[in-house]
Structure formats: C-alpha cells, structure tokens
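# Overview (structure and organization)
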Amino acid sequence: DAGVTQSPTHLIKTRGQQVTLRCSPKSGHDTVSWYQQALGQGPQFIFQYYEEEERQRGNFPDRFSGHQFPNYSSELNVNALLLGDSALYLCASSTPGKRERLYEQYFGPGTRLTVT
Amino acid sequence: AQSVSQHNHHVILSEAASLELGCNYSYGGTVNLFWYVQYPGQHLQLLLKYFSGDPLVKGIKGFEAEFIKSKFSFNLRKPSVQWSDTAEYFCAVTPNSGGYQKVTFGTGTKLQVIP
C-alpha cells in the first residue's frame with residue numbers, strides 16, 4: 001500500500017522564479033492538504049483540495065496556488081519566489097466521511113525548497 | 001484564530017524516565033486536539049487524537065494525553081521512555097465546528113532519550 005509520495009525531494013530555485021511541487025495521496029484518499037514547515041517551526045497550513053476544488057486556505061498570499069487532478073493527485077505552485085519561501089513543503093492526505101477520519105492525515109516525506 | 005504553544009523546545013531524558021510534554025492552545029470554542037510525532041528520517045505521523053468523550057486519550061506506543069478544558073491544555077505523557085522514542089513531537093489543534101477547519105501546529109518539542 002503506497003503512502004503519500006512527493007516529488008521532487010529537493011529543489012533549488014532563484015528569487016523571482018516559479019516552482020511546482022507534486023503530491024500523490026495515499027491509496028483510497030481523496031483529500032490533499034499542503035503545509036509549509038520553516039526551519040524550527042511546526043507545519044503551517046497552506047490549503048486543502050477536495051473534489052478538485054480548494055476547500056480551505058490558510059494565511060498565504062495568492063502567489064501560492066494549487067490544483068487537484070481527477071486521480072486525486074495535487075500540485076502546489078509558488079510564483080515570484082522569495083528567500084522566505086525556503087522551507088520543507090509537506091503534503092498530507094485524508095479521506096472524508098466522519099470527522100475523525102477527515103483529520104487522520106497521512107503525511108508525505110516533503111519537498112525541501114531552497115530559494116537563493 | 002486558534003494557536004498552540006509548546007513551551008519545551010528540547011527535552012533530554014534517560015531511558016525509563018517519565019515523560020510529560022506540555023501543550024496549551026488558545027481558542028474560544030470547542031476544539032479537536034492532536035499529537036503528531038516525527039522519528040528521525042521518517043514522515044510526520046499521528047500519535048493520538050481527541051475529539052470528544054473521555055479526556056484521557058491513549059495512543060500508539062504507550063503514549064497518552066489528557067485534555068484539561070479549564071487549563072486549555074493537552075499534555076502528552078509516557079510513564080517510561082525508550083531510546084526509540086527519540087523524535088520531534090508536535091501538538092496541533094483545530095476548531096470543532098461544521099465543515100473542515102485548518103489544523104494549527106505548535107513549534108514542536110525535540111525529545112532526546114539517552115540509553
């Protein structure tokens with residue numbers, strides 16, 4: 001049973017560039033959430049996708065956008081990269097239904113983004 | 001908006017010592033609470049969760065947490081730690097209201113268990 005997978009593992013970009021990160025949810029899951037984890041901090045919620053729509057969004061600027069595909073995989077796009085965007089980006093999947101199952105999130109290994 | 005405080009950033013214990021990691025949250029309504037753990041080189045994983053009912057919640061690997069509403073706390077405990085418990089532990093909270101609400105994480109506590 002494949003867990004949550006993310007690609008790439010590491011990425012180095014220059015300020016002003018754009019980046020796309022990818023996530024495949026755990027088998028049987030259809031809800032994907034994205035988090036940003038800066039060094040020494042806990043994960044911060046960026047947004048969540050369900051049924052190919054953004055269902056909830058955290059306090060992140062419009063430079064952060066996403067997409068969910070019919071197979072439930074998801075992309076996180078960040079435009080006009082800033083040095084402060086350097087972080088570990090985590091993807092988590094879950095399945096809707098009872099509230100408890102929705103919040104039983106399975107995390108991927110993350111993508112380490114470095115902006116120079 | 002909700003927030004979470006984890007006051008212990010780094011804890012060092014000897015094997016067999018008892019563990020208690022503090023977690024306090026700030027939110028005016030009812031909440032759901034979680035503890036996540038990240039072992040070295042592994043993914044973040046759910047350790048235990050509180051939604052309703054018995055405020056003493058038992059999780060995997062002998063961990064438990066107690067929700068004390070009057071103190072806005074959800075401390076994590078384990079009677080006797082092992083070297084394999086070395087990890088980073090995150091407390092998280094979400095409002096218990098209709099629809100999906102974002103999960104807010106604390107800054108984490110690094111636990112180092114010395115053999």
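This text goes with the structure placed above it.
Residues numbered from 1 in each chain as written. Chains lettered and ligands numbered in written order. Predicted model: local features only at pLDDT ≥ 70, side-chain atom pairs only at ≥ 80, totals over all residues. Heavy atoms only, no water.

### Remarks on the overall build of chain A
- Each helix and strand counted, chain A has one helix and eleven strands in total.
- The order of helices and strands in chain A, counted from the N terminus, is β-β-β-β-β-β-β-β-β-α-β-β.
- Its C-alpha atoms give chain A a radius of gyration of 13 Å, within 12% of the compact-globule value 13 Å for 116 residues.
- In terms of principal-axis extent, the alpha carbons of chain A reach across some 40 × 25 × 25 Å.
- Taken over 116 residues, chain A has a buried fraction of 49%.
- Counting only carbon and sulfur atoms, one obtains 47% of the accessible surface of chain A, whose full area is about 5500 Å².
- Averaged over its 11 positive side-chain charges, chain A has a centre that lies 7 Å from the centre of its 11 negative ones. (Helix = DSSP H or I, 4+ residues; strand = E, 2+ residues; numbered from the N terminus. Rg over C-alpha atoms; globule rule 2.2 N^0.38 Å. Buried < 20%, exposed > 50% of the residue type's maximum accessible area, 1.4 Å probe, protein only. Areas by Shrake-Rupley, 256 points an atom, 1.4 Å probe, with all protein chains shown as cover. Lys, Arg positive; Asp, Glu negative; His and termini not counted. Charge placed at Lys NZ, Arg CZ, Asp CG, Glu CD.)

### Here we look at the interface of chain A and chain B
- At the junction of the two partners, chain A supplies 23 residues and chain B supplies 21 residues.
- Between chain A and chain B, a total of about 1900 Å² is buried, with carbon and sulfur atoms accounting for 57% of that surface.
- Between the two partners, chain A and chain B, sit one salt bridge.
- The closest approach of N and O atoms between E104 of chain A and K49 of chain B, which form a salt bridge, is 3.1 Å.
- Across the contact surface, chain A and chain B share two residue pairs in polar contact (both at pLDDT 80 or more).
- Among the elements of the structure, β4 (31–37), β5 (44–50), β6 (53–57) and α1 (99–102) of chain A are those that each provide at least two residues to the side of chain A that touches chain B. (Contact = heavy atoms within 4.5 Å. Buried area = accessible area lost by both parts, 1.4 Å probe. Salt bridge = Lys/Arg side-chain N within 4 Å of Asp/Glu carboxyl O. Polar contact = N/O pair within 3.5 Å; in protein donor to acceptor, adjacent residues only side chain to side chain.)

### Structural notes on the side chain of E88 of chain B
- Checked against the element boundaries, E88 of chain B lands in strand β10 (residues 87–95).
- It is K110 of chain B that comes nearest to the buried, bridge-free E88 of chain B among opposite-charge side chains, at 4.9 Å.

### Quick word on the pattern of salt bridges
- Throughout the structure, instances matching the rule amount to eight salt bridges over all chains.
- Its salt-bridge partner being R57 of chain A, residue E54 of chain A comes within 3.0 Å of it at the nearest N-O pair.
- The exposure class of E54 of chain A is partly exposed, given its relative accessible area of 36%.
- Residues K58 of chain B and E64 of chain B are paired through a salt bridge, measuring 2.9 Å at the closest nitrogen-oxygen approach.
- Overall, E64 of chain B belongs to the buried group, its relative accessible area being 18%.

### Observations concerning the state of the cysteines
- Per the counting criterion, the structure on display carries two disulfides over all chains.
- Each sulfur of the disulfide joining C23 of chain A and C91 of chain A lies 1.8 Å from the other. With the S-S dihedral at roughly -60 degrees, the linkage between C23 of chain A and C91 of chain A falls on the left-handed side. Highlighted residues: C23 of chain A in strand β3 (residues 19–24) and C91 of chain A in strand β9 (residues 87–94), separated in sequence by 68 residues.
- Its relative accessible area of 2% is what places C23 of chain A among the buried residues.
- By relative accessible area, C91 of chain A is classed as buried at 0%.
- A sulfur-sulfur distance of 1.9 Å marks the disulfide that ties C23 of chain B to C91 of chain B. Residues C23 of chain B and C91 of chain B share a disulfide whose torsion about the S-S bond is about -65 degrees; that sign makes it left-handed. Taken together, the residues C23 of chain B in the loop between β3 (19–21) and β4 (24–26) and C91 of chain B in strand β10 connect sequence positions 68 residues apart.
- Judged by its relative accessible area of 0%, C23 of chain B is buried. (Disulfide = S-S within 2.5 Å.)

### Focus: the layout of surface pockets
- Looking at the largest pocket, its volume works out to about 240 Å³.
- In terms of lining, the largest pocket is formed by 15 residues, of which the most central are P43, Q44 and F45 of chain A together with T104 and F105 of chain B.
- Mapped onto the lining of the largest pocket, the elements with two or more residues apiece are β5 of chain A together with β11 (104–105) of chain B.
- Split into classes, the residues belonging to the lining of the largest pocket amount to six nonpolar, eight polar and one charged. (1 Å grid on protein atoms, 1.4 Å probe; cavity = no way out; pocket = protein on both sides within 12 Å on 5 of 7 lines; lining within 4 Å. Points joined across faces, edges and corners; volume = space filled by probe spheres on them. Nonpolar A, V, L, I, M, F, W, Y, C, P; charged D, E, K, R; others polar.)

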